[in-house]
Amino acid sequence: MATVGTADATVRARGVSRPWRLLAGAFLLGSLFVGLGVGPVGIGATGIVESALSHLPFLHVHSPLSSIDEAVLWQIRAPRVVLAAIVGGMLAIAGSSYQGVFHNPLADPYLLGVAAGSGLGATIAIAYGHVGTAGQLLPLASFVGGLSAVAAAYVLGRSAGSVRAAGALVLAGLTVTLFFTAVQTFVQQQHTNTLRDVYSWLLGGFSTATWSQVAVAAPYVAVSSAAILLHRRVLDVLSVGDEEAASLGVNVARLRLLLVIAATAGTAAAVAVSGLIAFVGIIVPHTIRLLVSTSYRAVVPLSLVVGAGFLVLADVLARTVVSPAELPIGVVTAFFGAPFFAIVLRTSRTMR
Amino acid sequence: MIELRSLAVRFDGTEAVRRISLDVATDEWVMLIGPNGAGKTSVLRALCGLLPFEGDALLDGRDVRELRRRELARLIAFVPQNPVTPPELTVAEYALLGRTPHLGYLATEGRRDRQAAARALERLDLLPFAERGLGSLSGGELQRAVLARALAQEARILLLDEPTTSLDLGRQQQVLELVDSLRSDGLTVVSTMHDLTLAGQYADRLVLLDRGAVVAEGEPEDVLSAANLAAYYGASVRVVSDGDGTYVLPQRR
């Protein structure tokens, strides 16, 4: 079997090739530095590195920054950049997961109604439960809302047409989004005392980011993205359809439930700390599909890394374009996302 | 060894398969034939756990319903009539999907899995195509890739639902010859088949189904009678037998 021995090199699944790995890592690192350095007070890369090292014990590096710059860097910019990275990575990896389990290139936390459901859950929690916008209860409320929205969209989409039909699921998600948004507006109008809180939270953004918000979101994001990462091969098996995946020994229903719960929990935590940010879950995975590979072994891990960098950069734009005022970050992602979405619609038509 | 005892499949109250009993011996190739809607595909799908059924289905004496999904997938490989073949997936990646039942739930393929996939590709002369995308293959090559995925599964039973549809006559013969040669490795094959002449040439035994029930079973020359085909297919045919086989020739009424 000499031929089989030599075939070992070619008979393998393409993961993420080394150049793409390095490129994605460099993109994230670069965007972190841009995020930390750009602002009314410019801080250079060496300043950031030396200041970071000065906080580590035993190294005896002295920060070159003034105490004001130190505070700007570590109390204002760093939590903001880290939160944007966590949220961006989560929304992107959740998008890739929804796309895999629903066999639908257009599935995304926003289009499936998850974001609107999370928004409603959080609004109810703020309006009736008097939880602050930084509380631990907010992610939970937003998770319950998000999960009911994705369940509603799935059931509705299935009754309207085959699950594989991209159109039915997106329309169902849109319907759920419109309904949940209406209910949410109603709740908001009934509780004008919290209107301002809710509204500024809904618009989305990281202008009030704190380390405590990072601490609220990070555990959910870590667990849920780890769960999705571990399923990257199984997501490829699902690409041959439910029936064939089942004949290959996969428990499709259980897998779908597990991945939807993971993606929704992570999305809900992201929504809870950042409000509604559209399109990240579509732009990032599809860019990777177009550039690198359609295999989930590439799409899932790269979505996490590139999504994180993408949202950090989008946030930099949001706070610099009309400085000293800020654009809502949802405006920035939608500005790039809407045209991109149109392109995806065209290519996904030729794909099926 | 496959044993079906009073196997019945119901869809929304209508019986797609009515109490079929059938034994398939190891290394045997049994073909299910019958008009559209006779329940051929339902029998295959019930056997590999994709459809709920009544009665018994045993594999080497073990009840299909008591096997876990992964165990079943290590015993039976199923090739549907229109398999989903993502165009961007390479032939090697597609064949590796066949290793799924042998992997831990969250594991990725190891060296042994890659070798099993490589053996399957070699068996079907697909090694030169390993890194080609499925979308770039011709119909015959694609059908071989699908068979390679099933072979990589290393199951002892192969279920083929209409393995030759959408292939030209030469490719049909190639695929059937391939399947026949795989049997020398100890593979048991159950397939459905539209083309009756080819069915008669390659099957050890034919089972004619009509409206979910077995109406004839046995050697090709016995099952493929003009009377049977008129009664169950509503077809007007002339059947010619010589020493080599049985030929079903459609006749214009």
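Here the structure is a predicted model, which means the values were calculated and not measured.

J.: A description of the interface of chain B and chain A should follow, citing residues and the corresponding values.
T.: The interface is formed by 31 residues belonging to chain B together with 27 residues belonging to chain A. Contributions of two or more residues to the side of chain B that touches chain A are made by helix H2 (69-75), helix H3 (91-97) and helix H4 (111-123) of chain B. For the side of chain B that touches chain A, the element with the highest residue contribution is H4(B), accounting for seven residues. For the side of chain B that touches chain A, the per-class residue count stands at 18 nonpolar, four polar and nine charged.

J.: Talk me through the packing of helix H4 (residues 67-101) of chain A against helix H9 (residues 211-230) of chain A; I want residue IDs and the actual numbers.
T.: All names here are of chain A. Two elements in contact, H4 and H9, have axes whose closest approach is 10 Å; the angle formed by their N-to-C orientations is 25°. As the angle between them shows, H4 and H9 are arranged roughly parallel. The handedness of the crossing between H4 and H9 is left-handed. Contacts from Pro 79, Val 82, Leu 83, Ile 86, Gly 89, Met 90, Ile 93 and Ser 97 in H4 reach Trp 211, Gln 213, Val 214, Ala 217, Ala 218, Val 221, Ser 225 and Ile 228 in H9. When its residues are assigned to classes, the contact of H4 with H9 shows twelve nonpolar, four polar and no charged.

J.: Provide a residue-level description of the packing of helix H2 (residues 18-37) of chain A against H4(A), including the pertinent values.
T.: All names here are of chain A. The geometry of H2 relative to H4 is characterised by a closest axis approach of 9 Å and an angle of 145° between their N-to-C directions. Here H2 and H4 pass one another in a crossing that is right-handed. Only Leu 73, Arg 77, Ala 78, Val 81, Ala 84 and Ala 85 of H4 make contact with H2, whose side of the interface consists of Leu 32, Gly 35 and Leu 36.

J.: Account for helix H12 (residues 252-274) of chain A, with residues named and values stated.
T.: In this model H12(A) runs 32 Å from its N-terminal to its C-terminal C-alpha over 23 residues, within 8% of the 33 Å that 1.5 Å per residue would give. A positive backbone phi angle near 80° is found at Gly275(A), which sits one or two residues after H12(A).

J.: Could you give an account of the nonpolar core, with specific residues and numbers?
T.: By size, the foremost hydrophobic cluster in this structure holds 188 residues, and its most contacted members are Leu121(B) and Leu159(B). Take this core: its biggest share by element is 16 residues, from helix H14 (residues 296-320) of chain A. Contact partners of Leu121(B), with chain neighbours within four places excluded, come to Val11(A), Val91(B), Ala92(B), Ala95(B), Leu126(B), Leu127(B), Ala130(B) and Ala148(B).

J.: Describe the pairing of strand E12 (residues 246-250) of chain B, listing the residues and the values that go with them.
T.: All names here are of chain B. Here strand E11 (residues 237-241) pairs with E12 via five bridges, running antiparallel. Bridging across to E12, Ser 241 finds its partner in Thr 246. Between E11 and E12, which pair antiparallel in sequence order, lie four residues.

What counts, and where the lines are drawn
Residues numbered from 1 in each chain as written. Chains lettered and ligands numbered in written order. Predicted model: local features only at pLDDT ≥ 70, side-chain atom pairs only at ≥ 80, totals over all residues. Contact = placed C-beta atoms within 7 Å. Helix = DSSP H or I, 4+ residues; strand = E, 2+ residues; numbered from the N terminus. Nonpolar A, V, L, I, M, F, W, Y, C, P; charged D, E, K, R; others polar. Axes fitted to C-alpha atoms, helices over the stretch in contact; angles between N-to-C directions. Parallel < 35°, antiparallel > 145°, perpendicular 65-115°, else oblique. Left-handed = near helix turned anticlockwise from the far one by under 90°. Expected span 1.5 Å × (residues − 1). Core = buried A, V, L, I, M, F, W, Y, C linked by C-beta atoms within 7 Å. Buried ≥ 20, exposed ≤ 12 C-beta atoms within 10 Å, placed from the backbone. Pairing = 2+ DSSP bridges.

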